[in-house]
Amino acid sequence: MSDDGICKRKMSINVDDETRKLLQYGASENEESWSTRNVPPHKGYGARHTLAILAFLGCFNTYAMRFNLSVAMVAMANHTDIRSKNMTTDMGCPIMNQTKPIDQAVEFDWDEATQGFILSAFFYGYVATQMPGGWLAGKVGGKQLFGVSVLIPGILTILTPLVTKLGAGALIVTRVIEGLAEGLTFPSLASMLGIWVPEMERTIIPTFIFSGCSLGNVVCLPLVGYLSTSKALGGWPSSFYIFGGLGCVWYLFWQFLVYDTPAKHPTISKVERDYIQSTTGVMEAGTKSDKTYIVPWKAILTSSAVWSIVVLNFTTSWGYFVTLTSVPTYMNKIQNYDIAQDGLLVALPDLINLTLGLITSWVSDLMRQRGYMSTVAVRKLCSIIGLASAAALLPFITLAGCNHVVVVSLIVVGNGMLGVSWTALAANIYDIGHNYAGTLSGISNFIGNMPGIIAPFAIGLITNNQETMARWEIVFYISMAMYLFGLITFLIFGKGTEQSWNKASSEMTTIQERKSNS
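This one's a predicted model, so the numbers in the text were calculated from it and none came from an experiment.

Rules behind the numbers
- Residues numbered from 1 in each chain as written.
- Predicted model: local features only at pLDDT ≥ 70, side-chain atom pairs only at ≥ 80, totals over all residues.
- Heavy atoms only, no water.
- Helix = DSSP H or I, 4+ residues; strand = E, 2+ residues; numbered from the N terminus.
- Buried < 20%, exposed > 50% of the residue type's maximum accessible area, 1.4 Å probe, protein only.
- Contact = heavy atoms within 4.5 Å.
- Areas by Shrake-Rupley, 256 points an atom, 1.4 Å probe, with all protein chains shown as cover.
- Patch = residues over 30% accessible without salt bridge, like charges linked within 9 Å, V, L, I, M, F, W, Y side chains within 5 Å.
- Salt bridge = Lys/Arg side-chain N within 4 Å of Asp/Glu carboxyl O.
- Phe/Tyr/Trp six-rings, centres within 6.5 Å; stacked < 30°, edge-to-face > 60°.
- Lys NZ or Arg CZ within 6 Å of the ring centre and 35° of its normal.
- Axes fitted to C-alpha atoms, helices over the stretch in contact; angles between N-to-C directions.
- Parallel < 35°, antiparallel > 145°, perpendicular 65-115°, else oblique.
- Left-handed = near helix turned anticlockwise from the far one by under 90°.
- Expected span 1.5 Å × (residues − 1).
- Bend = angle between axes of the 7 residues up to and from the residue.
- pLDDT = per-residue confidence, 0-100.

Undergrad: Quick question: what am I supposed to make of the overall build of the chain here?
TA: When helices and strands are tallied, the chain shows 22 helices and zero strands. With 518 residues in all, the chain has 58% of them scored as buried. In the chain, the share of contacts with a sequence separation of at least 24, taken over all contacts with a separation of at least 6, comes to 83%. Accessible area for the chain stands at about 19900 Å²; split by element, carbon and sulfur atoms hold 67% of it.

Undergrad: Got a minute to help me understand a nonpolar patch on the surface in this structure?
TA: On the surface, Met131, Trp135, Leu136, Val140, Trp297, Leu301 and Trp307 cluster together to form a nonpolar patch covering roughly 580 Å² of accessible area. Counting residues per element, the ones that place at least two in the nonpolar patch are α5 (130-140) and α12 (297-301). It is α5 that provides the largest number of residues to the nonpolar patch, a total of four residues. Relative to the helices and strands, Val140 is located in helix α5.

Undergrad: Is there a simple way to explain the side chain of Ser191 in this structure?
TA: Mapped onto the fold, Ser191 is located in helix α8 (residues 185-196). Judged by its relative accessible area of 10%, Ser191 falls in the buried class. The residues contacting Ser191, other than those within four sequence positions of it, are Ala137, Gly138, Ala437 and Gly438.

Undergrad: Would you take a moment to explain the pattern of salt bridges for this structure?
TA: Here the idea is simple: oppositely charged side chains can pair when their charged atoms come close. One pass over the full model with this rule turns up eight salt bridges. Residues Arg66 and Glu182 are paired through a salt bridge, measuring 3.3 Å at the closest nitrogen-oxygen approach. Here Glu182 lies in helix α7 (residues 168-182) and Arg66 lies in helix α3 (residues 47-77), a separation of 116 residues in the sequence. The residue Lys270 makes a salt bridge to Asp274 at a minimum N-O spacing of 2.6 Å. Separated by four residues within a single helix, Lys270 and Asp274 lie in helix α11 (residues 270-280), roughly one turn from each other. The network of salt bridges with common partners includes Arg48, Glu201 and Glu272.

Undergrad: Looking at this model, I keep getting lost on the packing of aromatic side chains. Mind explaining?
TA: In this description, a pair of aromatic rings is defined by centroid distance and the angle of the planes. Tallied over the entire structure, the rule returns 11 aromatic pairs. With 5.0 Å between their ring centres and 80° between their planes, Phe122 and Phe123 make a pair best called edge-to-face. Pair check on accessibility: Phe122 and Phe123 agree, each one buried. A network of ring pairs unites the aromatic residues Tyr63, Phe186 and Phe210 as a single cluster. One Lys or Arg, Arg66, reaches over the ring of Tyr126 and ends 4.4 Å from the middle of that ring. Seen from the ring of Tyr259, Lys143 lies directly overhead, with NZ or CZ sitting 5.2 Å from the centre.

Undergrad: Explanation requested: the packing of α3 against α8 in the structure shown.
TA: Packed helices, taken two at a time, are described by their axes: the angle between them and the distance between them. Two numbers describe how α3 lies on α8: the axes approach to 12 Å, and their chain directions differ by 165°. Classified by the interaxial angle, the pair formed by α3 and α8 is roughly antiparallel. With respect to the hand of their crossing, α3 and α8 are arranged in left-handed fashion. Contact with α3, carried on its side by Ala47, Arg48, Leu51, Ala55, Cys59, Thr62, Tyr63 and Arg66, involves Thr185, Phe186, Leu189, Met192, Leu193 and Trp196 of α8 and no other residues of that element.

Undergrad: How should the packing of helix α9 (residues 204-228) against helix α10 (residues 237-257) be read in this particular structure?
TA: It is at 8 Å that the axes of α9 and α10 come closest, and there the two elements cross at 140°. Two packed elements cross with a definite hand, and for α9 against α10 that hand is right-handed. For the pair α9 and α10, the contacting residues are Cys220, Leu223, Val224 and Leu227 in the first and Ser238, Ser239, Ile242 and Phe243 in the second.

Undergrad: How do you make sense of the environment of Phe146 when you look at a structure like this?
TA: Looking at where Phe146 falls in the secondary structure, it is placed in helix α6 (residues 143-164). Relative accessible area serves as the criterion here: at 0%, Phe146 is assigned to the buried category. Sequence separation between Phe146 and Pro187 is 41 residues, and the spatial gap between their C-alpha atoms is 8.5 Å. Discounting residues that sit within four places of it in the chain, Phe146 has contacts with Ala55, Gly58, Cys59, Thr185, Ser188, Leu189, Trp250 and Trp254.

Undergrad: So what exactly am I meant to see when it comes to α6 here?
TA: Relative to the 32 Å expected for 22 residues at 1.5 Å per residue, α6 spans 31 Å between its end C-alpha atoms, a close match to the ideal helical length. At Ile158, α6 is deflected by roughly 40°, the largest bend along its length, and proline Pro161 occurs up to four residues later in sequence.

Undergrad: How should the confidence of the model for the chain be read in this particular structure?
TA: Do not read the predicted coordinates in detail wherever pLDDT is low. Within the chain, residue pLDDT values average 76, and 76% of them lie at 70 or more. In this model residues 97-106 is a low-confidence stretch, pLDDT under 50, and it forms 33 contacts with partners more than four residues away in sequence or in other chains. Taken as a whole, residues 508-518 scores under 50 in pLDDT and shows eight contacts with residues more than four places along the chain or in a different chain.

Right, dumping it as structure tokens:
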């Protein structure tokens, strides 16, 4: 038996049930300070940090492969467009940023509705594997699932230029398959983090990992814009070869350096292992069997805390996906920015998103550790700051007219502020139910990524053959309403403490562990 288990047995003689639960589960409604922990924290670099770095790079690859098409599409699907400086269009702004005529790609004659369907095709597959991915990760472990969720899209991304020449139908099928594979990404990763992340690091580590998504866009989108206009490098196909290849190389490092649980890791220190296990309750080296991994579906699906996360995810994702998949088209057709500038513009909000997310996560965990604010107060404060700011700025985008500086500033700052609210969304799953993090992530992302299907297609219908500022104003007001609805829902129903259905699983794990060691 571990030292932690022996210590808990001795203490159980002299403490009441509530104190024992506090020691086992960590803070409750009246959260205890860091000093009440039974196991000393592990300081310095450890195995969990290697996992975090590689998971960060995995997220980087998934988002780079997911959204490179959003910028490349502008080059792939536009008709030949000869523009010169200070020209104007019938429905948009003066063309102020072109100094010489450009020749955009003429390979694919797809209208706006077709482009919207192609961009949304990925998410048809993506949402389909969210819930199965969470359940499967809980049973067999997240390592292999997360690995293939990057490897398969990597291979298909490399093949995309060839597939695209077969027609829009072939591209749609390929994107759906990519989505099926990437649908396993976050449920499998959430399942691993529920096992690997100590309680008082549940903001900083997940936020760091998921910031890889933002960095993927920061690096990918401007580069795709540049590659799409570079004849020397082969144009838009080169971006698919580069990012697909990176995904395949990453898979090799993931396979050899990462393990499903701390107990399985061959080189992890005992101090770090005990520290992690003291708050996660996962002691066994193997994955959970059919008998031990029983999901309390009724309790989860009737939990207001769960549904507050689901609604917040859906509404926040709506505005986020509008920015990533459709704003390049808005800037190209209405503001008349060129393709390379499109990529840089869409990347800037993610750069602010990444920076604010990391700062906010560090401050959030610091405030929780020192007892300045409860977990639920920290989560809700972050949601208010991020979503209220993003919602408030959206109406001014079209009101700014053709003032490019103001428009760009509003898009960058408004969407960048989502980095603050994402910290609450990313961490709250582990707050309320770390034992079922994979399942909760699957449920949340299944519904939360529906905007990936609906938003591009809806925008394609709203703007189809009507690429005007008035039509785009409708798009931005819809996003504003989504942000506010999600924020209000989370403020009313959001929770910051472990729920009873998750505690039941922890109690069962502890009982089984004691039986096996007795």
